[in-house]
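Spelled out, the chains give:
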Amino acid sequence: MKVILKLAVVMLLLNTGSTWAGNQKEEAMADSVRLALSHAITGSAPMKVRITDIEERIRYLAWLGEMSDRLKKKLPDVQVRLEFLETVWYEARRAGLDPAMVLGLIQVESAFRKYALSPVGAHGYMQVMPFWSRVIGDSDRRKLFNMQANLRYGCSILRMYIDMERGDLYLALGRYNGSRGRPEYPNAVLSAWHKWKFNSA
């Protein structure tokens, strides 16, 4: 009976994270792809949102305010929340992704938990597998719990998968999660994406 109880506790602890926590597979890739990804995650320029067009700046600030309100329950600290949203916006746009989609993916992957750790070892907000730090980074997997590093890895990897799948987001999301060809994960992210869309009108 004690053994069963201990197993139940272990299973409960393992399942407190997201149902869909990432399990990206280490795949063979061309040196050019590896080099491009490495450059994508090691850009030396500091993250700084710069918008010179006044109308675009107003839309960005309206997005930031609305997303902050929506995220208040998950990230109650205002400074943490705003820094997180600014970084999501920056890294998503840098990788050519919709920030709303990235927010949806984070919701599904980690439920907005910075230190989420899946049973298979995926780290952080975007549940990046540690092998990526070796394949395209400096082998320091601890950086995957750093907010900007995690979001940069996650957005860059997702962009690579979208390119590999020739723009097929459904297959790219499946590949990101390690469940390519199965509908549950892509459908969950697409549904969450819809909830984070912003209407600036």
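Analysis parameters
Residues numbered from 1 in each chain as written. Predicted model: local features only at pLDDT ≥ 70, side-chain atom pairs only at ≥ 80, totals over all residues. Heavy atoms only, no water. Helix = DSSP H or I, 4+ residues; strand = E, 2+ residues; numbered from the N terminus. Contact = heavy atoms within 4.5 Å. Areas by Shrake-Rupley, 256 points an atom, 1.4 Å probe, with all protein chains shown as cover. Buried < 20%, exposed > 50% of the residue type's maximum accessible area, 1.4 Å probe, protein only. Polar contact = N/O pair within 3.5 Å; in protein donor to acceptor, adjacent residues only side chain to side chain. Axes fitted to C-alpha atoms, helices over the stretch in contact; angles between N-to-C directions. Left-handed = near helix turned anticlockwise from the far one by under 90°. Nonpolar A, V, L, I, M, F, W, Y, C, P; charged D, E, K, R; others polar. Expected span 1.5 Å × (residues − 1).

1. Some thoughts on the overall build of the protein
Right, so step 1: Each helix and strand counted, the protein has nine helices and zero strands in total.
Right, so step 2: Sequence-distant contacts, at least 24 apart, represent 61% of the contacts inside the protein between residues at least 6 apart.
Right, so step 3: Summed over all atoms, the accessible surface of the protein reaches about 11200 Å², with 57% contributed by carbon and sulfur.

2. Concerning the side chain of Ser-118
Right, so step 1: Within the fold, Ser-118 resides in the loop between helix H5 (99-110) and helix H6 (131-135).
Right, so step 2: You can call Ser-118 buried: its relative accessible area is 8%.
Right, so step 3: Polar contacts involving the side chain of Ser-118 include one to the main-chain amide nitrogen of Ala-122, which spans 3.0 Å.

3. A look at the packing of helix H4 (residues 78-94) against H5
Right, so step 1: For the pair H4 and H5, the least separation of the axes is 8 Å and the interaxial angle reads 120°. The handedness of the crossing between H4 and H5 is right-handed. Judged by residue contacts, Phe-84, Leu-85, Val-88, Trp-89, Ala-92 and Arg-93 of H4 engage Pro-99, Val-102, Leu-103 and Ile-106 from H5.
Right, so step 2: Across the contact of H4 with H5, the residue classes tally to nine nonpolar, no polar and one charged.

4. Some remarks on the environment of Ser-156
Right, so step 1: With respect to the element layout, Ser-156 can be found in helix H7 (residues 147-164).
Right, so step 2: Taking the C-alpha atoms as reference points, Ser-156 and Ile-41, separated by 115 residues in sequence, lie 6.9 Å from one another.

5. Quick look at helix H9 (residues 184-195)
Right, so step 1: In this model, H9 (12 residues) spans 17 Å end to end at C-alpha, consistent with the 16 Å of a helix rising 1.5 Å per residue.
Right, so step 2: Next to the buried residues of H9 lie H5 and helix H8 (169-177).

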